[in-house]
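Architecture at a glance
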Amino acid sequence: MRSHYCGDVNRQHLEQTVQVCGWVHRRRDHGGVIFIDLRDRQGLVQVVFNPDTAEIFAKAESLRSEFVVMISGQVRARPVGSVNPQMATGEIEIIASQLTILNTAQTPPFPLDEFSQVSEDVRLRYRYIDLRRTEINQKLIFRAKVTANIRQYLEAHGFLDIETPVLTRATPEGARDYLVPSRTHQGSFFALPQSPQLFKQLLMVAGFDRYYQVAKCFRDEDLRADRQPEFTQVDMELSFVDEKQLMQIAEGMVRTIFRDLLQTELPDVPVMTYAEAMRLYGSDKPDLRIALQLIDVKDVMRDVSFQVFSTPANSPDGRVAALCVPQGGVKLTRKEIDQYTDFVKPYGAKGLAYIKVNDPALGREGLQSPIIKNLTDEALAAVLTRCGAQAGDLIFFGADQQTIVSAALGALRIRVAQDLGLVENAWRPLWVIDFPMFERAGNGQWTPLHHPFTAPTCSVAELIANPGQALSRAYDLVLNGTELGGGSIRIHDAVMQQTVFDLLNINAEQAQDKFGFLLDAFKFGAPPHGGIAFGLDRLLMLLTGSESIRDVIAFPKTQTAACLMTQAPAKVDAEQLRDLGLRPKVAQVIAE
């Protein structure tokens, strides 16, 4: 029906007759001449209806916003003074010679121009209308280009696109599974995959040494702006590689996306250990656009009379750290400091001590703070020296358990930098490596920091002897404070795998029940292998400057995991439940 997309018509088509299809974006009547902007996925083009073609002009008078039409006409240059540099097609227009109204339309529930503010609930309720908006439309087109670029890169590097099952069995991967009741095996349930983890490892055992998949994954967990119950990840697994090789391939993929689609070269990617990231930035995904760092002052606070500092300073699990805010931090008011104090409380901090540095050369006399009377001259001098404090700086302190101080000051670092304009306008990637194998859960038991199939850097004997000090062969790629992807070299030895399970209180019988197919596969010659998975939605959120991953997903869920457009999840009738061996009352409780 069309010869060209609206947004593709340009000066090369002058004097040619074209046929375009799309939606009426705007209609304007100017001195007896009707103008419409016609829109399709590629953009807008201006169409002119002259009154000397009476039949077509009469049809054009009936056009309204979002009518679907087909138009034929000749392309001409716009008259002098009417060129629109804001439009890709702004130098030309189409003089209509034929008009077919393919469908009429009701007035849409909200305007489709970029200047209208529309609530997200309304946008999601009428998502098919929202997707017509240029901003969202272009993000979905960009998403398709990114996916195509990824496939091209990986296939050029010898990867095979292999699908893995969506209906599988429940496995403990750190979040709740979405369960699907089986009609043919009543009382049993499938689970939707949280990731293709086990299947891609089995593909390595099977000899497909370079696998990838743009995979749908599902996690029934609490949602945030960068999470969805169903999401897409770029999943890959390789055999006969080490960390360096795998990181190089994964980094190359991201570089190619930036080079081909953003015409941007990423800078060199530094490698940082988990311990260093937590020490300097209080986060395992630090935003390197912010120069501020946490500065340890535990050793100089052990003998001060201020017990808020001295108690954690003398505790093996304690930390006392400073955050020096430059560039006029001293001008922060007491009200603003109180707001920052409230900000860190959800991270476990009981308060937020501070010192305003008016003139460091004057020592104690050049400082302003309610806590300095409790600190020795030696401690104050050491703090100023380590912070490199200058006149006008403000120093915040955190003193508590290591985890609390790191979380609170790490979050404060970002908040203060955003408030004071200290965030560099740049792309700052890095690799974080050497994560701990395990961390303590609330019940005191070990839990995996990544997942239980991650290989440690040590031997079986060393792992058993000191699991709390064991490091994993894991790596995360971080960009501007957001984790783009994470992966690891996997365990490929049945003995090591069972050792990890034992430390996680998964005995041999439980391991065989949940993972027997994987452990059995290891007995038949499993190669060394590793992989990584990138959150495609999160990557696109960064690349497009979106505030939420919902803006880069065609049909996203709300923060309550609901679809406002289809009204899912929804109740089902009693007959369907009986087929599944479920009682309606139970199903109603679950739904509520």
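That block above? That's the structure.
Here's a quick rundown of the structure. All figures in this text were calculated on a predicted structure; none of them were measured in a lab.

Tracing the backbone through its elements, the reader meets Leu192 in the loop between β8 (189-191) and α5 (197-205). Assessed through its relative accessible area of 17%, Leu192 is described here as buried. A C-alpha to C-alpha distance of 9.9 Å links Leu192 and Asp220, two positions 28 residues apart in sequence. The residues contacting Leu192, other than those within four sequence positions of it, are Val166, Leu167, Asp177, Tyr178, Val180 and Phe218.

This part is about the pattern of salt bridges. If charged atoms from side chains of opposite charge come close, those side chains can pair. The full count for this structure, using the stated rule, is 35 salt bridges. In this structure, the salt-bridge partner of Asp400 is Lys350, at a minimum N-O distance of 2.9 Å. Pair noted here: Asp400 is in strand β16 (residues 394-401) and Lys350 is in the loop between α9 (334-344) and β14 (353-357), with a separation of 50 residues, a long-range link. Of the charged contacts, one joins Asp419 and Arg415 as a salt bridge, the two residues approaching to 3.3 Å between their closest N and O atoms.

What follows deals with the nonpolar core. Ranked by internal contacts, the top residues of the largest apolar core, which has 62 residues, are Leu154, Met236, Met253 and Phe534. In terms of residue count, helix α6 (residues 243-261) provides more of this core than any other element does, eight residues in total. If near-sequence neighbours (up to four positions away) are discounted, Phe534 is found in contact with Thr232, Gln233, Val234, Met236, Ala250, Met253, Val254, Leu477, Leu484 and Gly485. With 27 residues, the next largest nonpolar core counts Cys324, Ala353, Leu367 and Cys387 among its residues.

Time to look at the sheet that holds strand β13 (residues 318-325). Backbone hydrogen bonds are what pair the strands of a sheet, in a parallel or an antiparallel way. Spatial strand order, β12-β13-β16-β14-β15: five strands in an open sheet with antiparallel pairing. In this open sheet, the two strands that pair with only one neighbour each are β12 (294-296) and β15 (367-368). In terms of strand pairing, β14 meets β15 through two bridges, oriented antiparallel. Bridge pairing in β15 places Lys356 opposite Gln368. Against the sheet, helix α7 (residues 274-281) contacts β12 and β13, and its axis sits at roughly 95° relative to β12. Along the sheet face, helix α10 (residues 377-387) touches β12, β13, β14, β15 and β16 and points at about 110° away from the line of β16.

In this section: the packing of aromatic side chains. What the rule picks out here adds up to 12 aromatic pairs. Ring geometry for Phe306 and Phe309: centres 5.0 Å apart, planes at 70°, overall edge-to-face. For the residue pair Phe306 and Phe309, the accessibility class agrees, reading buried in each case. The interplanar angle of 55° and the centroid separation of 5.8 Å between the aromatic rings of Phe343 and Tyr347 together place this pair among those described as tilted. Ring pairs connect the aromatic residues Phe306, Phe309 and Phe397, which therefore count as one cluster. Here Arg125 stacks its cationic end above the ring of Tyr126, 4.7 Å away from the centre of that ring. Over the ring of Trp446 we find Arg440; its NZ or CZ atom is 3.7 Å from the centre of that ring.

For α7, the set of buried residues is Tyr274, Ala277, Leu280 and Tyr281. Take α7 and look down its axis: the buried residues cluster within an arc of 145°, on one side only. Where α7 is buried, its residues touch β11 (271-273), β12, α11 (402-420) and β17 (429-433). A positive backbone phi angle near 65° is found at Gly282, which sits one or two residues after α7.

What follows concerns the packing of α5 against helix α14 (residues 508-522). In the contact formed by α5 and α14, the axes pass within 10 Å of each other and the chain directions differ by 20°. The pairing of α5 with α14 is recorded here as roughly parallel in orientation. The two elements α5 and α14 cross, and the hand of that crossing is left-handed. Seen from α5, the contacting residues are Leu198, Gln201, Leu202 and Val205; seen from α14, they are Phe515, Phe517, Leu518, Ala521 and Phe522.

Strand order in the open sheet formed by eight strands is β6-β9-β10-β22-β21-β20-β17-β11, and the pairing between neighbours is mixed. Whereas interior strands pair on both sides, the edge strands pair on one side only; in this sheet they are β6 (160-161) and β11. In the packing of helix α4 (residues 134-156) onto the sheet, the strands contacted are β6, β9 (210-218) and β10 (230-239), and the crossing angle to β9 comes to about 150°.

You can see Arg143 is positioned in helix α4. Within the structure, the side chain of Arg143 is placed 3.4 Å from the side chain of Thr232, a separation counted as a polar contact. Excluding its chain neighbours within four sequence positions, the residues that come into contact with Arg143 are Thr232, Leu536, Asp537, Leu540, Val552 and Ile553.

So, about unusual backbone geometry. Cis peptide bonds are those with omega within 30 degrees of zero, and the linkage from Ala568 to Pro569 qualifies with 5°. With a phi close to 50°, Gln263 is a non-glycine residue in the positive phi region. One can find Gln263 in the loop between α6 and β11. Residue classification places Gln263 among the exposed positions, given a relative accessible area of 62%. Positive phi is not limited to glycine here, since Ala561 has a value of about 60°. With respect to the secondary-structure elements, Ala561 resides in the loop between α15 (536-543) and α16 (574-579).

Secondary-structure assignment places Asp268 in the loop between α6 and β11. Note: C-alpha distance between Asp268 and Arg428 (160 residues apart in sequence) is 8.7 Å.

Now for the packing of α9 against α11. Two quantities define a packed helix pair, namely the angle between the axes and the distance from one axis to the other. Contact geometry for α9 and α11: axes closest at 10 Å, N-to-C directions at 140°. Considering the angle they form, α9 stands oblique to α11. Here α9 and α11 pass one another in a crossing that is right-handed. Mapping the contact onto sequence places Tyr340, Phe343 and Val344 in α9 and Ala408, Ala411, Leu412, Arg415, Val416 and Asp419 in α11. Within the contact of α9 with α11, the residues separate by chemical class into seven nonpolar, no polar and two charged.

Counting buried residues along β14, five of its five residues qualify, which places the element largely inside the surrounding structure. Burial along β14 is two-sided: Ala353, Ile355 and Val357 and Tyr354 and Lys356, pointing in opposite directions, are all buried. In this structure, β14 lies alongside β16, joined through four bridges in antiparallel fashion. In the strand pairing of β16, Ala353 is matched with Phe397.

The rules behind these values
- Residues numbered from 1 in each chain as written.
- Predicted model: local features only at pLDDT ≥ 70, side-chain atom pairs only at ≥ 80, totals over all residues.
- Heavy atoms only, no water.
- Helix = DSSP H or I, 4+ residues; strand = E, 2+ residues; numbered from the N terminus.
- Buried < 20%, exposed > 50% of the residue type's maximum accessible area, 1.4 Å probe, protein only.
- Contact = heavy atoms within 4.5 Å.
- Salt bridge = Lys/Arg side-chain N within 4 Å of Asp/Glu carboxyl O.
- Core = buried A, V, L, I, M, F, W, Y, C linked by side-chain atoms within 4.5 Å.
- Pairing = 2+ DSSP bridges.
- Axes fitted to C-alpha atoms, helices over the stretch in contact; angles between N-to-C directions.
- Phe/Tyr/Trp six-rings, centres within 6.5 Å; stacked < 30°, edge-to-face > 60°.
- Lys NZ or Arg CZ within 6 Å of the ring centre and 35° of its normal.
- Arc of directions from axis to C-beta.
- Parallel < 35°, antiparallel > 145°, perpendicular 65-115°, else oblique.
- Left-handed = near helix turned anticlockwise from the far one by under 90°.
- Polar contact = N/O pair within 3.5 Å; in protein donor to acceptor, adjacent residues only side chain to side chain.
- Nonpolar A, V, L, I, M, F, W, Y, C, P; charged D, E, K, R; others polar.

Fair warning: the whole summary comes from geometry, so function is off the table for now.
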